[in-house]
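The chain contents come next:
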Amino acid sequence: MPTMFSVKGLDELVRTGGSCRVAVEVPSGFKPGDNVRAVNINPITHTRLPQYVRGKRGVVVEDRGVFVFPDTNSQLKGEKPQHVYSVVFTAAELWGPGVNPRDTLYIDLWEDYIVPEEQAS
Amino acid sequence: MTKDHDDHHDHDHDHDHEHRRPDVALRVKAIESLLVEKNLLDPEAVDKLIDLYEHKIGPRNGARVVARAWTDPDYKARLLKDGTAAIAEFGYSGIQGEDMVVLENTPGVHNMVVCTLCSCYPWPTLGLPPNWYKAAPYRSRAVIDPRGVLEEFGITISSEIEVRVWDSNAELRYLVLPMRPAGTEGMSEDELAELVTRDSMIGVGFPVQP
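Calculation notes
- Sequence order sets the numbering: in each chain, residues are counted from 1 along the sequence as written.
- Written order determines the labels here, with chains lettered from A and ligands numbered from 1.
- Reporting in this predicted model follows two pLDDT cut-offs: at least 70 for local features of residues, and 80 or more for side-chain atom pairs to be given and counted; totals over whole chains, interfaces and linings ignore these cut-offs and use all residues.
- Derived side-chain values reflect all non-hydrogen atoms in the structure, with water molecules and hydrogen atoms excluded from consideration.
- Numbering goes from the N terminus for both helices and strands, where a helix is a DSSP run of H or I of at least four residues and a strand is a run of E of at least two.
- All radius of gyration figures rest on C-alpha atoms, and the globule criterion is 2.2 Å times the number of residues raised to 0.38.
- In this scheme, a residue with accessible area under 20% of its type's maximum is buried, one over 50% is exposed, and one in between is partly exposed, where area comes from a 1.4 Å probe on protein chains only.
- Computed with the Shrake-Rupley method and a 1.4 Å probe, the accessible areas treat only the protein chains shown as cover for residues.
- Cysteine sulfurs are considered disulfide-paired once they come within 2.5 Å of each other.
- Here a cavity denotes grid points, spaced 1 Å and computed from the protein atoms alone, that fit a 1.4 Å probe unable to get out, and a pocket denotes an open set having protein on both sides within 12 Å along at least 5 of 7 lines; residues with an atom within 4 Å of a point are the lining.
- Grid points are joined across faces, edges and corners, and a volume is the space filled by probe spheres set on the points.
- Ten residues, namely Ala, Val, Leu, Ile, Met, Phe, Trp, Tyr, Cys and Pro, are considered nonpolar, four, namely Asp, Glu, Lys and Arg, are considered charged, and the remaining ones, Gly among them, are considered polar.

A. Broad picture of the overall build of chain B. Tallying secondary structure elements over chain B gives 12 helices and four strands in all. Against the compact-globule benchmark of 17 Å for 210 residues, chain B has a radius of gyration of 18 Å, which places it among compact chains. Taking the principal axes of its C-alpha atoms as reference, chain B extends roughly 55 × 35 × 30 Å. Taking all 210 residues of chain B together, the buried fraction comes to 49%. In the structure as shown, chain B presents an accessible area of about 9,900 Å², 55% of it carried by carbon and sulfur atoms.

B. Structural view of the overall build of chain A. The number of helices and strands found in chain A is three helices and five strands. The C-alpha radius of gyration of chain A comes to 17 Å, more than 25% above the 14 Å expected for a compact globule of 121 residues. Based on the C-alpha atoms only, the size of chain A along its principal axes is roughly 55 × 30 × 30 Å. The proportion of buried residues among the 121 residues of chain A is 42%.

C. View of the state of the cysteines. Residues and elements named next belong to chain B. Counted under the stated rule, the structure contains zero disulfides over all chains. In this structure C115 is a free cysteine whose sulfur lies 3.6 Å from that of C118, the closest cysteine sulfur available. C115 gets classed as buried once you look at its relative accessible area, which sits at 0%. Counting only cysteine sulfurs, C120 is the nearest neighbor of C118, a cysteine outside any disulfide, at a range of 3.5 Å.

D. Expanded view of the layout of surface pockets. Empty space within the second largest pocket amounts to approximately 270 Å³. Surrounding the second largest pocket, 17 residues form its lining, A:E62, A:R64, B:K81, B:M100 and B:V101 being those nearest its centre. Contributions of two or more residues to the lining of the second largest pocket are made by β2 (57-67) of chain A together with α5 (73-81), α6 (83-88) and β1 (100-104) of chain B. Here the lining of the second largest pocket takes five residues from β1(B), the largest share from any one element. For the lining of the second largest pocket, a count of residues per class yields seven nonpolar, two polar and eight charged.

E. Summary view of unusual backbone geometry. For A:L76, which is not glycine, the phi torsion reads 60 degrees and is therefore positive. Mapping A:L76 onto the fold places it in the loop between α2 (70-73) and β3 (82-90). For A:L76, a relative accessible area of 81% translates into the label exposed. We note that B:Q96 has phi near 60 degrees; this positive angle belongs to a residue other than glycine. The topology assignment puts B:Q96 in the loop between α6 and β1.

In structure tokens, the structure reads:
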């Protein structure tokens, strides 16, 4: 049963928040410098993988640690904790010609959102 | 401080007023009433949250963090290494700031933050997001045309400088550390904090040039 969102404990909640980071040991499939491709999935349920990076090639910049996986957790199908990576995409890879070749987009992607990509992007 | 920008963007982005539409307000009111009736929500908790984020937690917090980083190299190093811990030194922590990453603007890189999926924003340091940050035009255009969006905010980034857009789609929250304005060498930390605008910490503006 859901409990009431009450004024009691609110200060503590505001101070500490409610991180989806979890202290679980999960192997990481990627490391900084790895070439990756965002998977092309189009679920009708909740996902935090935006459409504009699906199928695009990027490079892992940093391992952010282990977090609850929103795609399954939002459907009460389990937390499926996994690594989240900061991944950089060039603006040209995302949007094609006509962009400044220096410009980049950084986004945090869960392990299930990326696959290895052999070709350098 | 940021009134001019807000006015400017209310003008440019029709959808800014989306959340104030009477039918939306009515729906929110109805949902709130239902939650209270079902004993899932204490109205006192809602009032308290609104009070906290309207009066106590806002971008002056972030400004103090930035001013400290400008004046204390050791603090800056800690801030860039572990944003969450360094920001917590001021007592700023909690909801929507559980995992903070600070992005340093440099002569070669200009950082800019967006949440394309909703409105994720670092509450402990910046308070609640401005309307334009939550509106579809900013969320969609910041990624595909960041330089065009920045122009509309009144700032031009040289084509020699990398524009680095950060989508806070996941659990990390981002705060931009703008570059310290020139000619501020003699200023105190408190004086410097006055120059730090909310927009400069989102990456859609610069600090005030004294």
